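Tertiary structure, described
Residues per chain, in single letters:
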Amino acid sequence: MPDAPLSDPAPVPQPVSGAPEVDRSHSILAALKSPRRLRTEALAGLVVALALIPEAIAFSIIAGVDPRVGLFASFTMAVTIALVGGRPAMISAATGAIALVVAPVAREYGLDYLVATVILAGVLQVLLAAVGVAKLMRFIPRSVMVGFVNALAILIFTSQIPHLTDVPWMVYPLVILGLLIVFLFPRLTTVIPAPLVTIVVLTIITVAASIAVPTVGDEGELPDSLPELLIPDVPWNLETLRIIFPFALTMALVGILESLLTAKLVDDVTDTHSNKTRETWGQGVANMVTGFFGGMGGCAMIGQTMINVKASGARTRLSTFLAGIFLLVLVVALGDVVAIIPMAALVAVMIFVSWATFDWHSVHPATLRRMPKSETTVMLSTVVVTVWTHNLAYGVGIGVLVAMVLFARRVAHFTRVVRLDRSDEDNQRVYRVEGELFFASSNDLVYQFDYTGDPEEIIIDMSQAHLWDASTVASLDAVVTKYEAKGKNVTIVGMDPHSAARHDRLSGNLGAGH
C-alpha cells in the first residue's frame, strides 16, 4: 500500500518528458502533411531570407570581406543547422558578434586565414559539445537571461539608426507606414506574415511612385554564382595554429553562448524543449561546412529567430532550411529584384522585432518594486555592458559574475556562531556553528569566539553547518591555533561525512597563506 501514492503522481512530469511529443507534432513531416503549416513555414523562411540579406552584407563589411562571404555563410549556416541543430525554427547565419571576432584575422592575414579560423572554431565547438559545455547553461540566472533579451532588443533597435540618419525625408513616412502594417495587419489575418506584407507593399509603393530611397542594392553587390568548395591556402604548421587558435577559440565560445541563450529563449516562447548539446555540436558542424565553402562563420541570430518564431509563427526546421534556400535563390537568381527592396521596409520590420523581443514586464514599475534589488542589478549590468560593448558574451559574462558576487554576499550572512551555556560544566564552553561555510561566509569565523574569557575546554558543534572549501578549513585551523596559544583545548564535533572528510584531508596542511 505505501507504494500506491508514489505511483499516482507519475503522470505529473508528463509535460516535461512529453516535450519530444510536442516536437514531433511540429516536425517537418507534420508540416509537409498540413498545407496551412507548410505555408506558414515557407512564408516565414522567405521573410527571414529577405531580412538576412542586408544584415549579412553589413556583417561582411564589419569583418572586412566581400559581401558574398557573409551571404554564403548565412546560406550554409542556415541549411546545415536545419539538418543537424538541436533547436527547430532557430535561425543561424553570419552575425555581428562573430564578424567582430574574426575581423582582425581577415584584416591582418587575409581570407584564407579567416576560413581556417572558422573551420577550427567549428572543430572546437564539436569538442566542447562532447565534454558537455552545454550543461553550463544551468548556471546562467534568469535575471541574466532577461538582461540578455533586453540588451538584444536595444541593439536591434540601435542598429537601425544608421538607416534613419542622413537619408531622404521620404524614408520616414515609409518606415511609419511599415510599422503600421507590421503592427496592425495581424489583426486582420495571420495567414500571411505581417513582415512579408510590409516588405512587398513598401517595395511596390517605392517602385510605382519612383521614390528615390536607399535600397538593399545600395548595401553591397549581390553574388551572381553559387558558392564553391574552398580549401584554405595556409601553411599547415604550428605557426598558423598559433595565429588562428585564439580567434577560433573566442569565436567558438561566443557562438556557443549566443546560440544556447537564443535556444533557451525559443524554448520559452514556444513552450518546447530543445537539445542543447546537439545544438552545440550542430553549430560546430555548420561552421566547418561554412568554412569549407568560403564563409565567415556564424551562430544563432536572435533577431531573425524572433522574426521566424514570433512574427511569422514558424515552429519547424523547415522554415530554417527554406530561409537558407530562399536566401541563395534571392541573391543569385533574383538579385535584381531583391536589390530594389527599400531599406525602410526592413528597418520597420526590425523595429517591430526589437519591440517584440524586449521584456516589457521586467521594467514595469510594479515588477521593479517587487523584484529584489540584487536581481535588478544583475539584469541592468547585463544590459549596460552588452549595449556599451556591443558584445553579448561580455554582457552575459559580467552579468553572471555580478550574480555570483551578490549571491555569495547574500549567503555569507546566513552563517552564525551561537554560544551555548552549560551550567553543569563550569570548565567547558560550547559553540554551535550554523549555516553554509565557504570563502565568503567563513572569513569572519575567527572573530566569533572569546579566546581570553572562555574556559579551558572548548567544543565547537558543527552539526548544523557544512564545509565547502579550503578557506573554511583554514578558518577553523586559525580558531584552534588561537585557543591553543592560550593553553586551551578545542574539540570539533558533529561534522557530516563530507565536511569531516574535507576537514581531515586539509586541516594542518594549508599553511599560513591559506
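Note that the structure is predicted; figures quoted are calculated from it, not measured.

1. Structural notes on the overall build of the protein chain
A count of helices and strands for the protein chain gives 22 helices and six strands. Projected onto its principal axes, the C-alpha positions of the protein chain cover 100 × 60 × 55 Å. Split into buried and exposed, the 514 residues of the protein chain put 52% on the buried side. Long-range contacts, defined as pairs at least 24 residues apart, comprise 83% of the intrachain contacts of the protein chain with a sequence gap of at least 6. Accessible surface, the protein chain as shown: approximately 24400 Å² in total, 64% of it carbon and sulfur. Here the protein chain holds 34 positive side-chain charges and 42 negative ones, and the gap between their average locations is 6 Å.

2. Section: the pattern of salt bridges
Summed over the entire model, instances satisfying the criterion amount to eight salt bridges. A salt bridge links Glu41 to Arg37; the nearest nitrogen and oxygen atoms lie 3.0 Å apart. With Glu41 and Arg37 both in helix 5 (residues 35-63) and four residues apart, this pair spans about one turn of that helix. Look at Glu41 and you get buried, because its relative accessible area is 0%.

3. Brief notes about the pairing of strand 4 (residues 428-437)
Most of strand 4 is tucked away, with eight of its ten residues classed as buried. Here five bridges tie strand 3 (residues 416-420) to strand 4, and the two strands are oriented antiparallel to one another. By the bridge assignment for strand 4, Arg416 is matched with Glu434. Two strands pair when backbone bridges link them, and strand 4 and strand 5 (residues 457-467) are joined in this way by nine bridges, in the parallel orientation. Note that in strand 5 the partner of Glu434 across the bridge is Gln464.

4. A few points about helix 19 (residues 373-389)
Over its 17 residues, helix 19 extends 24 Å from the first C-alpha to the last, a length consistent with the 24 Å expected when each residue adds 1.5 Å. Along helix 19, the positions that sit buried rather than exposed are Thr376, Val378, Met379, Ser381, Thr382, Val383, Val385 and Thr386. Check the buried side of helix 19 and you find it contacts helix 9 (142-158), helix 18 (365-370) and helix 20 (392-412). Downstream of helix 19 by a residue or two, His390 has a phi angle that is positive, lying close to 60°.

What counts and what doesn't
- Residues numbered from 1 in each chain as written.
- Predicted model: local features only at pLDDT ≥ 70, side-chain atom pairs only at ≥ 80, totals over all residues.
- Heavy atoms only, no water.
- Helix = DSSP H or I, 4+ residues; strand = E, 2+ residues; numbered from the N terminus.
- Buried < 20%, exposed > 50% of the residue type's maximum accessible area, 1.4 Å probe, protein only.
- Contact = heavy atoms within 4.5 Å.
- Areas by Shrake-Rupley, 256 points an atom, 1.4 Å probe, with all protein chains shown as cover.
- Lys, Arg positive; Asp, Glu negative; His and termini not counted.
- Charge placed at Lys NZ, Arg CZ, Asp CG, Glu CD.
- Salt bridge = Lys/Arg side-chain N within 4 Å of Asp/Glu carboxyl O.
- Pairing = 2+ DSSP bridges.
- Expected span 1.5 Å × (residues − 1).

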